[in-house]
Structure formats: C-alpha cells, structure tokens
Amino acid sequence: MGPKAKIMVVEDNLDEAKLIKMVLEGEGYEAVCAFNGKDALEKVQSDRPDLIVLDVMMPEMDGFAFCSELRSSPENEHLPVVLLTAVAKHIQDSKYPLNGVLRADAQEYLEKPIRAEELLETISRLLS
Amino acid sequence: MTQAQPGKPNCWDFMACGYGPDSTSPCVVVSDQDSEGTNGGTNGGRLCWSVGGTLSGERELAEGARTGNCLVCPFFHLVKSQEGPAFQLFKLARGVRDSEQLQQTIASVESLMAIHEGLRSDFDLGQTIRDITEEARRLTGAQRSVVLLLRGTSPALHGEMPLRGQTKSVVISLDEESAVGFAAVHNQIVNLHHIYGRQSPDGVPAFNPSYDRQCSCRTHSFLAVPINDPEDRAIGVITAANARKGFFSSDDEWFMEKYATEVALAVEKQKFVQQSVAVLRLGAIGETIAGLSHCIKNIAQALRAGSHVIKRALKTNNLQDVRAAWEIVDRHIEQLADLSMDVLAYDPVVQEPSKKTGLNPLVEHVVGLFREEARARAITLAFSPGADVETARFDHLGVYRCMVNLITNALDACPLSEGAVTVATQRTGEHEFMLSVADNGPGMDEQTKAAVFDLFHTSRPRRGAGLGLPTVADIVNRHNGRVEIDSRPGAGATLRIFIQENVAVV
C-alpha cells in the first residue's frame, strides 16, 4: 500500500485530531477523524481504513475497549492500530499501563508528545 | 446463678477464654456472687473489669482471662453500649452507691473514658495532654500535675504546667537518683510523701528540688508514674504533686497508670497521624506530578504536530495550513500559560493577605475581562450585583481567581447559540456572602458533579487542565466557605461559593 492509504485518527481532542490529520495529509495519506470509540467503530465499517491511529484515554469508550470491540470482528483482526498515550511509560499501575500494546492488541504504542516523523515512520512501516 | 440473657453475653462467652461456669475455673469473676445480675450478667460476667476492686483487676483474674487495659476492651464497650444510662461501672457494696465520694469517682472515670473516646477522633496532641493532665490533677486531688515526655536527643523530660494563668515549661533531667528520673529509667511508680520531713529510705529515690524551683512551689507529696510506648520503653512520666489528703493512695497510682496509658496512646496516635499525613502528601505530590505531566504532554503534542505542519506548509507556501495550524498552536500556548497560573494558584502556601476591597467592583472587573470573549461567542454575560455586600471583607486575590475560573468554565459550557452566563453577588449572613455563576450549558449529571473538584478532572480537554475548580475549592476552604453546584443534565449549571468574611481584616 502506498501513500494513498486511508488512515483513521481516533482522538477526542479536536485540535490534536485536526493536527494529526494535517500531518498525515501532508504526506499524501487520506485521513478521516473520529472523536470517540463508538463513533470510530461505526466509521470503520463505513470508511474501511487501512490503519488506525488511536488515542487511549477517551470518554465513553476508551482505546482499549475500542480495540477489543474492533478485534471481535474477524475482518478487522489484522487491521494495524497505533496507540497514542500521554501516560508516562514508567507508571505501571495506571489504568492505562505500559503493557497497553498487549492489552489492546495493537501493533505500536507511542508516548505523547510524539514526533510527527516518528508517527509517519511507524505508519509507513506498518503499511509496507 | 442466673443464665445469660439473650444477646447479653458474659465475659467468658465473649472472650471464649474457657474459664466459664462449666470449667473448673479459678477465675474470680465466675464465682463473684456479689456482682450477680449487674449489667444483666451472671455473677461478675458483665462487670469483669471491676471484680477484685479495680477497674482492670488483672492481678486477681485467671491468666488468659484478661490482658491489657479494659478501656480498650471490646467487651467493656459492648456492655457499656448495651446498658446505656443503666450501665454500672463499678462493683459496689450495697448502700454506698449514692455516696458523694463514689459519685465523684464515677464522674472521674467517665472523664477518663471521654478522653479515651476523644483519642479516636481528630485531635491535637498538646491539647489532649493538657486535658489528661487536668483530669489527673482533679482526680487525684493534687495541687498540680505535669506530663513530662522525653524529647530530642537530650536525656531530659520536657513538660508544661499551668502557673498563675500562664503555661510554664518544665525540664527535668533524666537522673535516676531523682523521683521522676527513677520512674522513667526503672519503669516503676514512685510515690513519695513527707518529702521535706524525713530522709528517703535506702533504695527510694529522692525528690528533685529543681522541680519545686521550676514550679515555684513546695512539694510535700509526689507521685511519678512512667509512660511507656507499646514496646514498653519509657517515653515519659506523668506526675502529681501535693495530694489534698496528704498522700497519694494506691487507687491514685492505679488511675495515674491509666492516664499514663492514655498519654502513650495519644503519642502513638500523633505518630500515626504524622506518618499518614506524610504518606498522603507524597501521594498528592505524585498525583499532581502525574496529572501535570499528562496535561503538559498533551500540550506538547499539539505544539510538536503544529510545528511540523507549519514548517512543511511554509516550504510549499501553503498559508492556509499555516494559519490553521498556528491557531491551534496559539491556543495551546495560552493553555500552557493558564496551566502555570493554575499551578501557582493551587499552591496552598501562596496566600495573599486580605484587603478591604469592594466586592462588586472586583467582580464587575472580572466580568469585564470576559465581555469581549462573550461577545465574540454570542454569549450574553450579565452581572447582578448584590446591594448589601459593599462592606464585605475578603481575600481579594482569592476571590479574583475563583471568579476567573468560574466564568471561564461557564463560558466554555455555553451552547454555540444563545449562550447566557449570569454572575451575581449576595449577602447570605452577617459574616457570609455568596458569589454565583450560572450558565445555560448542557448541565452535569451526579457523577460529573462528584468529580469536578478532583485534580485534573476536565470536561474540556481542548482547553482545561482540570486545575480550575480544585483551585476554587482550595481558596474557598481557606475562607471556611463552601461550594454548591446546582445542575441537572440539559438544565445548565449554577455554581455558588459561600465565603466567610475575614472579620479580622480592617
């Protein structure tokens, strides 16, 4: 898949969602935004993204719950997910701990503030 | 011998000590027929603390039947609560129950128990020791009483005693030749009388005259009882001097031992409270740092992504993207500035002195700061000044910060069209006034209302760090005030803060 891949940004913070969308679009990706887990589950069905950039801490349905729902559908079993979180990696007993990748069955786990270059490299690698 | 009444166990039932009536028990409680029926028990079964003539009676009870202090015994408290006003504390010889001396003694024991109960709630160690000292003095009929505690690294006992309306510090060296030092070092009660009338016999410590010099008095009888920590190490001595009756009796010794136990419990509780506070502080600091880190990371995230977009857009001369990204970056820079202000305002150490300032002009000023923003967002911002608040005295900076936070929140909660925020002041008591901020936003459910004063809780992650309302609560608490939230989902929200006037401010 090339730079025309479709990426869904799931982020409840509108500013952050908009900026990540701009970063992705600047690299030629098609980007769509969803603002919570429930919204994202519906859009996955309608927009069929190639990869999901997913914030962990969101109201209503957080990133872990979203991932769990997502994976319950066989067609999304291998859809790449990159988790973003602002929780410090060394905080083990948080509700959103370091082992989030394992818990959420995501491919990558990036700690905010992420560098745009790092996010783009990760996406490129997962899509290649 | 009567049977135990339903729900009213005898001590042997409650303690399951194995020394009940069916055993070949040597326990005097079981065979104490004089106490039959007292507190609804069988023989001494519900008066065990008094059997043998003393409250604890350890020496006369079978080994294993009872240990420790009866005042901390759950059975003692069970009987006391079950019997209520009819509770009988002492084993009494018939006919003396109404004697004045007995009533006085019962009152004294009740006060001992009240002190013990007091230790269960929040307390001030200094005040508790003063209360215990006064009760010990009154109960033993002493002229004065002092609690002396080992402090610091110096081998000396420190205490305080009231003297001619003032509090005088007393320091006694830990010299084992003296009565106080002997009591602490050897963990023994020292009971002296006719102090200046004759020499102390061999093996009995002498009275330390420095005690009299410091207390500006002359002692003729003196009782020193060691205070021990749970490991039985001496931490101090409780003393009584000059018994009204000329000497301190063995009953006085016994009561003073109980007071010594209460002092030890108070000291232990103080240690526990200090440790708990330290742990809570550490926890709060950790939580604060984690929360701040989270907020700052989110801001940094926007700044990094924005910077990336702007750099790339400048290369391609895409000014539309530059503008769009810059707006977001700009907001986050503001958010960072607000966060640092919130952190400063949240610091409980930062307290501006109160000034005599007009409440309405101050609130009007704050409302004025938001008029432009309200107009830009088509929100009606109104101020309804109270008529009788102009003499109110309060913390100028604190109220200012509260109103900034509350109005910011209210504006953010407003709907996109026909938003309305109303700010009001009102006097609600002789020394109390109220500030309120009402919005017509989406309102809050019970869960949200319960969480809004938690650090870093925010319903608007785009703007708020979640420090605003905790800051308000902190400021209001400093004024012995309170915050009320009146809100329902779909029905807007009104936050009211009630502030006690600082009447000391002139």
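Residues numbered from 1 in each chain as written. Chains lettered and ligands numbered in written order. Predicted model: local features only at pLDDT ≥ 70, side-chain atom pairs only at ≥ 80, totals over all residues.

Trainee: Pulling in residues and values, what's your account of the interface of chain A and chain B?
Mentor: At the junction of the two partners, chain A supplies 20 residues and chain B supplies 20 residues. Looking at the side of chain A that touches chain B, the element that brings in the most residues is helix α1 (residues 14-26) of chain A, giving nine residues. Residue classes in the side of chain A that touches chain B are distributed as twelve nonpolar, two polar and six charged. (Contact = placed C-beta atoms within 7 Å. Helix = DSSP H or I, 4+ residues; strand = E, 2+ residues; numbered from the N terminus. Nonpolar A, V, L, I, M, F, W, Y, C, P; charged D, E, K, R; others polar.)

Trainee: For unusual backbone geometry, give the residues involved together with the corresponding values.
Mentor: All names here are of chain A. A positive phi angle, close to 45°, is found at R48, a residue other than glycine. With respect to the helices, strands and loops of the structure, R48 is situated in the loop between α2 (37-47) and β3 (51-55). Overall, R48 belongs to the exposed group, with 12 C-beta atoms counted inside 10 Å. (Buried ≥ 20, exposed ≤ 12 C-beta atoms within 10 Å, placed from the backbone.)

Trainee: I'd like to hear about α1 of chain A, residue by residue, with values.
Mentor: Residues and elements named next belong to chain A. Look at α1: 18 Å from first C-alpha to last across 13 residues, which is about the 18 Å you get at 1.5 Å a residue. Buried residues of α1: D15, E16, K18, L19, I20, K21, M22, V23, L24 and G26, and no others. Just past α1, the residue G28 takes up positive phi, approximately 90°. (Expected span 1.5 Å × (residues − 1).)

Trainee: So what's going on with the sheet that holds strand β10 (residues 482-487) of chain B? Residues and values would help.
Mentor: Residue and element names in this part refer to chain B. Read from one edge to the other, the open sheet built from five strands follows the order β7-β8-β9-β11-β10, with strand pairing classed as mixed. Strand pairing shows two members of the sheet lacking a second neighbour, β7 (379-384) and β10, which therefore form its edges. For this sheet, the mean inter-axis angle between neighbouring strands, taken without regard to orientation, is 15°. Note that strand β8 (residues 419-429) and strand β9 (residues 432-439) share eight bridges and pair antiparallel. Its bridge partner being in β9, V421 is matched across the sheet by D439. Packed onto the sheet, helix α10 (residues 359-376) meets β7, β8 and β9 and runs at close to 175° relative to β7. Seen against the sheet, helix α11 (residues 396-413) touches β7, β8, β9 and β11 (493-500) and runs at an angle of roughly 20° to β9. (Pairing = 2+ DSSP bridges. Axes fitted to C-alpha atoms, helices over the stretch in contact; angles between N-to-C directions.)

The quantities given are spatial measurements derived from coordinates; they are silent on function.
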